[in-house]
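As a plain string of letters, each chain reads:
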Amino acid sequence: MYRILIVLSLIGILQFPVDSKKLPSFIKPCRRNDPNLDACVKNSAISALPHILRGNKDLKIPSYLPFEVPLVEVEPSPGLFFKLTNLKLHGLDTAAITDIKIDLEKQTFMLKLFTTHSKTISQYEVDGKLLSFAVYGTGPAEITSVNATTHVSFSFGMVEKDGKRYINISSILPIIDYNPGIVHYQFDNLFGGNKLLGDNINKFMNENPDEVADITNIPNVAVIKAIILQTMKSILRGVSIDEVFS
Ligand SMILES: *[C@@H]1O[C@H](CO)[C@@H](O)[C@H](O)[C@H]1NC(C)=O
Ligand SMILES: *[C@@H]1O[C@H](CO)[C@@H](O)[C@H](O)[C@H]1NC(C)=O
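Residues numbered from 1 in each chain as written. Chains lettered and ligands numbered in written order. Predicted model: local features only at pLDDT ≥ 70, side-chain atom pairs only at ≥ 80, totals over all residues. Heavy atoms only, no water.

Considering the overall build of the chain
Stage number 1. Along its length, the chain carries four helices and 10 strands.
Stage number 2. Helices and strands in the chain line up, N terminus first, as β-α-β-β-β-β-β-β-β-β-β-α-α-α.
Stage number 3. The C-alpha radius of gyration of the chain comes to 20 Å, within 12% of the 18 Å expected for a compact globule of 246 residues.
Stage number 4. A buried classification covers 45% of the 246 residues belonging to the chain.
Stage number 5. When contacts within the chain are restricted to residue pairs at least 6 apart in sequence, those whose partners lie at least 24 apart make up 69%.
Stage number 6. In the structure as shown, the chain presents an accessible area of about 13,000 Å², 56% of it carried by carbon and sulfur atoms.
Stage number 7. Here the chain contributes 25 positive and 25 negative side-chain charges, whose respective centroids are spaced 6 Å apart. (Helix = DSSP H or I, 4+ residues; strand = E, 2+ residues; numbered from the N terminus. Rg over C-alpha atoms; globule rule 2.2 N^0.38 Å. Buried < 20%, exposed > 50% of the residue type's maximum accessible area, 1.4 Å probe, protein only. Contact = heavy atoms within 4.5 Å. Areas by Shrake-Rupley, 256 points an atom, 1.4 Å probe, with all protein chains shown as cover. Lys, Arg positive; Asp, Glu negative; His and termini not counted. Charge placed at Lys NZ, Arg CZ, Asp CG, Glu CD.)

Some details on helix 1 (residues 37-54)
Stage number 1. The end-to-end C-alpha distance of helix 1, which contains 18 residues, comes to 26 Å, matching closely the 26 Å that a straight helix rising 1.5 Å per residue would cover.
Stage number 2. Taking the largest bend as the criterion, helix 1 deviates by roughly 40°, centred on Ala48, and proline Pro50 comes between one and four positions later.
Stage number 3. Among the residues making up helix 1, those that are buried are Leu37, Val41, Ser44, Ala48, Ile52 and Leu53.
Stage number 4. Where helix 1 is buried, its residues contact strand 4 (95-103) and helix 3 (209-236). (Expected span 1.5 Å × (residues − 1). Bend = angle between axes of the 7 residues up to and from the residue.)

Some points on the environment of Ile228
Stage number 1. Relative to the helices and strands, Ile228 is located in helix 3.
Stage number 2. Put simply, Ile228 and Ser246 are 18 residues apart on the chain and 24 Å apart in space, counted from C-alpha to C-alpha.
Stage number 3. When near neighbours in sequence (up to four residues on either side) are disregarded, Ile228 contacts Leu111, Val152, Phe154, Pro174 and Ile176.

So, the nonpolar core
Stage number 1. Membership of the largest hydrophobic core comes to 67 residues, with the highest contact counts inside it found for Phe187 and Phe245.
Stage number 2. Those residues in contact with Phe187, other than ones at most four positions away along the chain, are Phe82, Tyr124, Pro140, Ala141, Ile143, Asn202 and Met205. (Core = buried A, V, L, I, M, F, W, Y, C linked by side-chain atoms within 4.5 Å.)

Concerning the pairing of strand 4
Stage number 1. As paired elements, strand 4 and strand 5 (residues 108-130) share eight bridges and run antiparallel to each other. Paired with Ala95 across the two strands is Thr115, which belongs to strand 5.
Stage number 2. Counted between consecutive antiparallel strands, the loop separating strand 4 from strand 5 contains four residues, among which Gln107 sits at a positive phi close to 60°. (Pairing = 2+ DSSP bridges.)

Let's talk about the side chain of Thr216
Stage number 1. Residue placement: Thr216 occurs in helix 3.
Stage number 2. A polar side-chain atom of Thr216 sits 3.0 Å from a polar atom in the side chain of Tyr185.
Stage number 3. Apart from residues lying up to four places away in sequence, Thr216 is in contact with Tyr185 and Met205. (Polar contact = N/O pair within 3.5 Å; in protein donor to acceptor, adjacent residues only side chain to side chain.)

Topic: the site of ligand 1
Stage number 1. Taken together, Phe114, Val146, Asn147 and Ile182 make up all the residues around ligand 1.
Stage number 2. Interatomic distance of 2.3 Å between a side-chain N/O atom of Asn147 and an oxygen atom of ligand 1.
Stage number 3. Considering ligand 1 on its own, with 360 Å² of exposed area, one finds that the protein chains cover 31% of that surface.
Stage number 4. When grouped by side-chain class, the residues that make up the shell around ligand 1 number three nonpolar, one polar and no charged. (Near = heavy atom within 4 Å. Nonpolar A, V, L, I, M, F, W, Y, C, P; charged D, E, K, R; others polar.)

Quick notes on the environment of Thr115
Stage number 1. Relative to the helices and strands, Thr115 resides in strand 5.
Stage number 2. Judged by relative accessible area, Thr115 falls into the buried class, the value being 10%.
Stage number 3. A C-alpha to C-alpha distance of 9.1 Å links Thr115 and Gly181, two positions 66 residues apart in sequence.
Stage number 4. Among residues more than four places away in sequence, those in contact with Thr115 are Gly91, Thr94, Ala95, Val146, Asn147 and Ala148.

Some details on the site of ligand 2
Stage number 1. Taken together, Val159, Asn168, Ser170 and Ser171 make up the full set of residues near ligand 2.
Stage number 2. Contact with the protein chains covers 33% of the free accessible surface of ligand 2, which is 360 Å².

So, unusual backbone geometry
Stage number 1. Across the junction of Leu65 and Pro66, the peptide omega takes the value 5°, indicating a cis bond.
Stage number 2. Here Pro66 is to be found in the loop between helix 1 and strand 2 (67-77).
Stage number 3. Within the chain, Leu131 stands out as a residue other than glycine whose phi angle is a positive 50°.
Stage number 4. Within the secondary structure, Leu131 is located in the loop between strand 5 and strand 6 (133-155).
Stage number 5. Classification of Leu131 as partly exposed rests on a relative accessible area of 38%.

Okay, here's the thing in structure tokens:
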């Protein structure tokens, strides 16, 4: 088993002051009995995405360009300690929504994204065993990813308040299937700056992405989950489901 700690700098949106609020004006509502509901939701999401990514002070949505995570701490495999600090994920504006399915009866949601180009810049700390290599070090890390696909699915519960129905944000446990596409890793200053050993590890990771994918996917998925939950919270907290689907 692995453990994950992820800390976000969320400004006040985690509290739960469910005063009814309006659906943000940049989100077009859909009719719940629209025979092409998925298409309506997809179009609405496509046109809302740039507004969400830019951030919105009134809605307390921080900018996603870049998306910032102060701390991700994971033990992606037993005995491998991995910490990323001051993580900045660039390139979310290259994400395209390729598919959306929502089932209001079954209360399920599915989203597919294709991200042409993204880049994560952070400070890293690693110590432990990466496959058969003993690795340690701390320094700057840069990970780029070309043509990544992200598949998100979750079911959601409802809560009722003053006769209105809301999505229960705490009930959302997103399942993420992430394929990073073509990845390039650059961990500087591994092994206390031993360039030969450090270059070997970077080379190994870049030449054998499938072998390290299970390990590197764990922090990736943690960050994607944080993005999804932050977005749901920022937009839907306090907005009745009957406003989103009239
Ligand atoms: C990334 O995807 C685009 C669009 O599908 C394609 O044109 C491009 O060749 C892909 N890039 C790489 C490096 O595979
Ligand atoms: C919302 O979901 C959480 C997590 O599943 C659950 O513990 C809580 O009881 C739910 N709230 C309501 C009012 O159903």
